[in-house]
Amino acid sequence: MKHIWVIAKRELGAYFTSPVAYIFLVIFLLLTGFFTFTAGQFFERGEASLSAFFGWHPWLYLVLVPAAGMRLWAEERRSGTIELLMTLPITPWQAIAGKFLASWIFLGVALALTFPVVITVNVLGSPDNGMIFAGYLGSFFLAGAYLAITCMTSAMTRNQVVAFILSVVACLFLILAGFNPVTDLMARWASPAFIDTVAAFSVVTHFDGFQKGVIDTRDLLFFLSLIGFSLFATGVILRNR
Amino acid sequence: MRPRKTNTLMIKIENLVKTFGAKRAVDGISFNVERGEVVGFLGPNGSGKSTTMRMITGYYAPDSGKVSVGGNDVVESPLAAKRLIGYLPENAAAYSDMTVVGFLGFAAEIRGLTGGAKQKAIGRAVERCFLSSVLHQSIDTLSKGYRHRTCLAQALIHDPEVLVLDEPTDGLDPNQKHEVRNLIRELGKTKAVVFSTHILEEVDAACTRAIIIDRGRIVAQGTPDELGRPLEDVFRRLTIADTVKA
Ligand SMILES: Nc1ncnc2c1ncn2[C@@H]1O[C@H](COP(=O)(O)OP(=O)(O)O)[C@@H](O)[C@H]1O
Ligand SMILES: [Mg+2]
């Protein structure tokens, strides 16, 4: 546990010593603002909720999370520091967990910095703050799932751009599997049972509940197993480097 | 200095083999290193020095053969083995976004040193590697020599019993080379040291024993005197086949 934290601390330091982190945070906040208030028609909806805010997160994270996580392993491989890391007296698992946690904390900070929307909606009306909390929780786990996938793709290559693209494609699949326009299209030829099975793998399906204020353990388990599986795969990839 | 038993076996390598695709990089290497020895690992470029060192430090798993460090099999109990080792990889990779002192602090904490012990370890490594003038400089702004010594300081941070140094004098100017060789010789009095090089004068300057390898095999070993002189002729005679073939 201590080793995980030493790794995570180093990784967090790497985020905040580079200007990239601050640029990332600004872009993150600008985009959430844009999607919520302009594209999401927050004011026009006339309802005291953050559905305009959370509804965009699966799409927003599609680009932002791979961007935040792509360097995790690719950069270690490019610079050769992976040799140092893997010959330190820690298990690969500790290194993987430490790096993942650092990035997840970073994304958590970005998400926490969106608190003005919560204040705004509370000033304008009286929203269900429990629902908002569930939305934030779901959003955090959604980010974690994308991030774990990015860890995996980042471990595959020494090129951050390749890691980014692979991760976007993988996450896009996880959205589209349960995205209404796609399921409607599939309904023309596939059985409803098949569509449900495919949709069960979609992050959208599992994120929906959180947005409605429902914290379902099955949804949490889905995200946790996605994280667990991706990090496990990261370990396998690193072992066969 | 406390007198130590000098005949303790620290690195034991038996019949090590590593193949990359069709290329057999290491082809049945065996040797031992005891405490108090500085073993120079010599060979032309591409002869398998780095690959061997990567198997000693647990970065590569051998295809066959065994490595044990301080009695711990590197494959079966990697953590116990790695705790005893200080490793300077080839090209001296270091986290370029960190400062020298931050990087050494990280290395110390990973080795379980905190508080006063950590500060002491950093101070000692900084002094040994002459880094005090760049302590708070970011590693990506360091010259190659300083960068190399920063990575060397990382390897020394926990005062390890075993040192594996892959081309420790690579990229240093003559004065720095001289200092590092002296340091290696000094460290070798109480530790088991293996370092690779293709600079022959280093054998005389720092080694108690040299192992010459060529195309993944040991072709000669012994003290510099046993190998014969001039060393350059011995080296060329033993390893020239590679150059002729290439
Ligand atoms: N990761 C690798 N993949 C493929 N070939 C490798 C790899 N590492 C080393 N080799 C090959 O193995 C041989 C020995 O390399 P190396 O151990 O680095 O030699 P040295 O350190 O003595 O210069 C070289 O021919 C090199 O090309
Ligand atoms: Mg080499």
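Residues numbered from 1 in each chain as written. Chains lettered and ligands numbered in written order. Predicted model: local features only at pLDDT ≥ 70, side-chain atom pairs only at ≥ 80, totals over all residues. Heavy atoms only, no water.

Engineer: Got a minute to help me understand the sheet that holds strand 10 (residues 217–222) of chain B in this structure?
Structural biologist: What links the strands of a sheet is backbone hydrogen bonding, and the strands pair in either a parallel or an antiparallel sense. Residue and element names in this part refer to chain B. An order of 6-7-8-3-9-10 is seen for the 6 strands of this open sheet, with the pairing classed as mixed. The sheet terminates laterally at strand 6 (85–88) and strand 10, the two strands that pair on one side only. Pairs of neighbouring strands in the sheet enclose a mean axial angle of 15°, with direction left out of account. In terms of strand pairing, strand 3 (residues 38–42) meets strand 9 (residues 209–214) through 4 bridges, oriented parallel. Directly across from G40, in strand 9, lies its bridge partner A210. Sitting on the sheet, helix 5 (residues 144–156) is in contact with strand 6 and strand 7 (162–166), with an inclination near 170° to strand 6. (Pairing = 2+ DSSP bridges. Helix = DSSP H or I, 4+ residues; strand = E, 2+ residues; numbered from the N terminus. Axes fitted to C-alpha atoms, helices over the stretch in contact; angles between N-to-C directions. Contact = heavy atoms within 4.5 Å.)

Engineer: Just checking my understanding: could you explain the site of ligand 1 for this structure?
Structural biologist: Residue and element names in this part refer to chain B. Surrounding ligand 1, one finds F20, K23, A25, P44, N45, G46, S47, G48, K49, S50, T51 and Y60. At 2.7 Å, a backbone N or O of G46 approaches an oxygen atom of ligand 1. A distance of 2.7 Å separates an oxygen atom of ligand 1 from a polar side-chain atom of S50. Look at ligand 1: alone it shows 560 Å² of surface, and the protein chains cover 67% of it. For the shell around ligand 1, the secondary structure elements donating two or more residues are strand 2 (23–34) and helix 1 (49–56). Looking at the shell around ligand 1, the element that brings in the most residues is helix 1, giving 3 residues. The class makeup of the residues in the shell around ligand 1 is 4 nonpolar, 6 polar and 2 charged. (Near = heavy atom within 4 Å. Polar contact = N/O pair within 3.5 Å; in protein donor to acceptor, adjacent residues only side chain to side chain. Areas by Shrake-Rupley, 256 points an atom, 1.4 Å probe, with all protein chains shown as cover. Nonpolar A, V, L, I, M, F, W, Y, C, P; charged D, E, K, R; others polar.)

Engineer: I would appreciate a short explanation of the coordination of the magnesium ion (ligand 2) in the present structure.
Structural biologist: In an ideal tetrahedron of four donors about a metal, each angle is 109.5 degrees. In an ideal octahedron of six donors, the angles are 90 or 180 degrees. Residues and elements named next belong to chain B. Of the protein atoms, only S50 (OG) and E90 (OE) coordinate the magnesium ion (ligand 2), at distances of 2.0 to 2.3 Å. Placement of S50 in helix 1 and of E90 in the loop between strand 6 and helix 3 (100–110) is noted, with a sequence separation of 40 residues between them. By relative accessible area, which is 12% here, S50 ends up buried. (Donors = N, O, S within 2.8 Å, 3.2 Å for Na, K, Ca; no water. Buried < 20%, exposed > 50% of the residue type's maximum accessible area, 1.4 Å probe, protein only.)

Engineer: Can you help me understand the pairing of strand 3 of chain B in this one?
Structural biologist: Looking along a regular strand, one sees the side chains alternate between the two faces of the sheet. All names here are of chain B. Taken across its 5 residues, strand 3 has 5 buried, putting it largely inside the fold. By the alternation rule, side chains of strand 3 split into V38, G40 and L42 and V39 and F41, which are all buried. In terms of strand pairing, strand 3 meets strand 8 (residues 192–197) through 5 bridges, oriented parallel. What sits directly across from L42, in strand 8, is T197.

Engineer: Looking at this model, I keep getting lost on the pattern of salt bridges. Mind explaining?
Structural biologist: Opposite charge on two side chains allows them to pair when their charged atoms are near. Applying the stated criterion to the full structure yields 22 salt bridges over all chains. Residues E186 of chain B and K189 of chain B are paired through a salt bridge, measuring 3.3 Å at the closest nitrogen-oxygen approach. Using a relative accessible area of 51% as the deciding quantity, one classes K189 of chain B as exposed. Among the charged side chains, a network of salt bridges with common partners joins R10, E11, R71, E76 and K99 of chain A together with D97 of chain B. (Salt bridge = Lys/Arg side-chain N within 4 Å of Asp/Glu carboxyl O.)

Engineer: How should I be thinking about the interface of chain A and chain B in this particular structure?
Structural biologist: Interfaces are often sized by the accessible area lost when the parts come together. In this complex, chain A contributes 23 residues to the contact, which on the side of chain B involves 22 residues. For the pair chain A and chain B, the summed buried area comes to about 2200 Å², and 63% of that belongs to carbon and sulfur atoms. Applying the counting rule to chain A against chain B returns 3 salt bridges. Here K9 of chain A ties to E109 of chain B by a salt bridge, and the two come within 2.8 Å at their closest N and O atoms. On inspection of chain A and its partner chain B, the count reaches 7 residue pairs in polar contact (both at pLDDT 80 or more). Mapped by element, the contributors of at least two residues to the side of chain A that touches chain B are helix 1 (2–17), helix 6 (71–79) and helix 7 (81–86) of chain A. When its residues are assigned to classes, the side of chain A that touches chain B shows 10 nonpolar, 7 polar and 6 charged. (Buried area = accessible area lost by both parts, 1.4 Å probe.)

Engineer: Looking at this structure, I do not really get the environment of L142 of chain A. What am I missing?
Structural biologist: Residue and element names in this part refer to chain A. You can see L142 is positioned in helix 10 (residues 129–156). In this structure, the C-alpha to C-alpha distance between L142 and I175, residues 33 residues apart in sequence, is 11 Å. Once residues within four sequence positions are removed from consideration, L142 is found in contact with H57, P58, Y61, V203, F207 and F223.

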